[in-house]
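In case you want the letters, here they are:
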Amino acid sequence: MTELTKIVIPVAGLGTRVLPASKVIPKEMLTVVDKPVIQYVIEEAVAAGFKEIILVTRPGKESIEAHFQPHDELEAALEQKGKTALLASVRDILPADVRITTAFQNQPLGLGHAVLCAAELIGDDDFAVSLPDVLIFHSDGDHAHDLRAIVAAFKQNHAAQIMVEPVADDEVSSYGIVDCGGAVFHPGESHNVIAMVEKPAVGSAPSNQSIIGRYILPARTMTLLKETQPGAGGEIQLTDAIDALIAEMPVQANSMQGRTYDCGSRLGYLIANLKYGLDHPQIGARLSAWIREQDL
Ligand code: G1P
């Protein structure tokens, strides 16, 4: 096992589920209340201890990297006006010891292919993968709790960790699903995975435990990804490479304790804005009062 400092965040997707909003603006740059979705995901990674954020991107999505770079003109203007809180909100997004690097995915060949595009930057290191559509919310405000928990479980159990949550039986075909041999999941627990299947047909899934998009994986996964053939939807699937990993080392599904908010769909994005809006220290109480006044 190597030190876990690297996290791969694939951002090269076309965002077809949220068109036309994502025609020019990357879907990762759409805002939830006052921050782009990608900022929440990167803040979660940083709070869980990751130091190298590897964005797998494509031409046309440069605004994602730009958001995390200094903006001299804006910062000078805010400084001159004495707007210190706003200045801090644009200048101090990342701690000094965290860096963002990029790899390119020039063809949309699937999530597994996107992760493989980061192979050179990962080298022989174990790594995490975080999918930027999904925000994780914890009622205690520590939104990195689950990611930190799977990092700890990876180190303690010497097993790859896949974060899961239950979905309705008729929704399994939208997700990767884990087969843990009927294990009963309590929040926070990890169970050994027997098999994983990407987007099974309704009625044929081995369970309703869905992969939510946070993974801790051994370096070996990259080699397996190179050998992975196109699977569901004709795409190279990360799920299939991890399924192959099961023959070589333990892979565990970890039942998350927080709640997911899927910003990659219109309804999910709207609900995320409401949830994070209600939780916002400056506007939450007024939003809540407004909702209660509505004749719903
Ligand atoms: C991807 C993964 C899938 C996972 C899902 C979570 O699918 O392939 O296993 O359940 O993310 O959002 P996608 O949503 O990119 O089709």
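Look up a bit, the structure's there.
None of the values given here were measured: they were computed from a predicted structure.

Calculation rules
- Residues numbered from 1 in each chain as written.
- Predicted model: local features only at pLDDT ≥ 70, side-chain atom pairs only at ≥ 80, totals over all residues.
- Heavy atoms only, no water.
- Helix = DSSP H or I, 4+ residues; strand = E, 2+ residues; numbered from the N terminus.
- Contact = heavy atoms within 4.5 Å.
- Areas by Shrake-Rupley, 256 points an atom, 1.4 Å probe, with all protein chains shown as cover.
- Lys, Arg positive; Asp, Glu negative; His and termini not counted.
- Charge placed at Lys NZ, Arg CZ, Asp CG, Glu CD.
- Near = heavy atom within 4 Å.
- Polar contact = N/O pair within 3.5 Å; in protein donor to acceptor, adjacent residues only side chain to side chain.
- Nonpolar A, V, L, I, M, F, W, Y, C, P; charged D, E, K, R; others polar.
- Buried < 20%, exposed > 50% of the residue type's maximum accessible area, 1.4 Å probe, protein only.
- Expected span 1.5 Å × (residues − 1).
- Arc of directions from axis to C-beta.
- Pairing = 2+ DSSP bridges.
- Axes fitted to C-alpha atoms, helices over the stretch in contact; angles between N-to-C directions.
- Left-handed = near helix turned anticlockwise from the far one by under 90°.
- Parallel < 35°, antiparallel > 145°, perpendicular 65-115°, else oblique.

Some details on the overall build of the protein
- Within the protein one finds eleven helices and 14 strands.
- For the protein, the spread of C-alpha atoms along the three principal axes comes to 60 × 50 × 40 Å.
- A separation of at least 24 residues holds for 77% of the contacts in the protein among residues at least 6 apart in sequence.
- Only carbon and sulfur atoms are counted for the fraction: they give 53% of the accessible area of the protein, which is about 14600 Å².
- In the protein, which carries 23 positive and 38 negative side-chain charges, the distance between the mean positions of the two groups comes to 5 Å.

Observations concerning the site of the ligand
- Taken together, the neighbourhood of the ligand is formed by Leu111, Leu131, Tyr175, Gly176, Glu198, Lys199, Ile211, Ile212, Gln237 and Thr239.
- The backbone of Gly176 places a nitrogen or oxygen atom 2.9 Å from an oxygen atom of the ligand.
- Here an oxygen atom of the ligand sits 2.7 Å away from a polar atom, N or O, in the side chain of Lys199.
- Against a free-state accessible area of 380 Å², the protein chains account for coverage of 76% of the ligand.
- For the shell around the ligand, the residue count by class is five nonpolar, three polar and two charged.

Remarks on unusual backbone geometry
- Leu19 connects to Pro20 through a cis peptide bond whose omega is 5 degrees.
- Of note in the backbone geometry, His158 takes a positive phi value of approximately 50 degrees without being a glycine.
- Of note in the backbone geometry, Lys199 takes a positive phi value of approximately 45 degrees without being a glycine.
- Looking at the element boundaries, Lys199 is found in the loop between strand S11 (195-198) and strand S12 (209-217).
- Given a relative accessible area of 39%, Lys199 falls into the partly exposed group.

Looking at helix H7 (residues 145-157)
- The end-to-end C-alpha distance of H7 is 18 Å, a good match for the 18 Å that 13 residues give at a rise of 1.5 Å each.
- Asp146, Leu147, Ile150, Val151, Ala153 and Phe154 are the residues of H7 that are buried. Down the axis of H7, the buried set is contained in an arc of 165 degrees. They therefore lie on one face.
- Backbone geometry just after H7 places His158 at a positive phi near 50 degrees.

Side note on the pairing of S12
- For S12, the buried fraction is high: nine of the nine residues fall into the buried class.
- Here strand S6 (residues 127-130) pairs with S12 via four bridges, running antiparallel. Looking at the pairing, Ser130 lines up with Arg214 of S12.
- Here five bridges tie strand S8 (residues 160-166) to S12, and the two strands are oriented antiparallel to one another. Across the sheet, residue Ile162 finds its bridge partner in S12, namely Tyr215.

Points about the packing of helix H8 (residues 220-227) against helix H9 (residues 238-245)
- Orientation of H8 relative to H9, taken along the N-to-C sense of each, is 115 degrees, at an axis distance of 9 Å. Once H8 is placed against H9, the crossing between them reads as right-handed. Side by side, H8 and H9 meet where Arg220, Thr221, Leu224 and Leu225 of the first sit next to Leu238, Ala241, Ala244 and Leu245 of the second.
- Across the contact of H8 with H9, the residue classes break down as six nonpolar, one polar and one charged.

Brief notes about the environment of Ala153
- Among the structural elements, Ala153 can be located in helix H7.
- Looking at Ala153, the relative accessible area reads 10%, which means it is buried.
- As for Ala153 and Cys263, which are separated by 110 residues in sequence, their C-alpha atoms are 27 Å apart.
- Setting aside anything within four residues of it in sequence, one finds Ala153 in contact with His158, Gln161 and Ser190.

Things to note about H9
- Three or more residues of H9 are buried, namely Leu238, Thr239, Ala241, Ile242 and Leu245. The arc that holds every buried residue of H9, seen down its axis, measures 160 degrees, which confines them to one face.

Focus: the packing of helix H10 (residues 266-278) against helix H11 (residues 284-293)
- Axis separation between H10 and H11 bottoms out at 7 Å; the angle between their running directions is 120 degrees. Classified by the interaxial angle, the pair formed by H10 and H11 is oblique. Side by side, H10 and H11 meet where Leu274, Gly277 and Leu278 of the first sit next to Gly284, Leu287, Ser288 and Ile291 of the second.
- In terms of residue class, the contact of H10 with H11 is built from four nonpolar, three polar and no charged.

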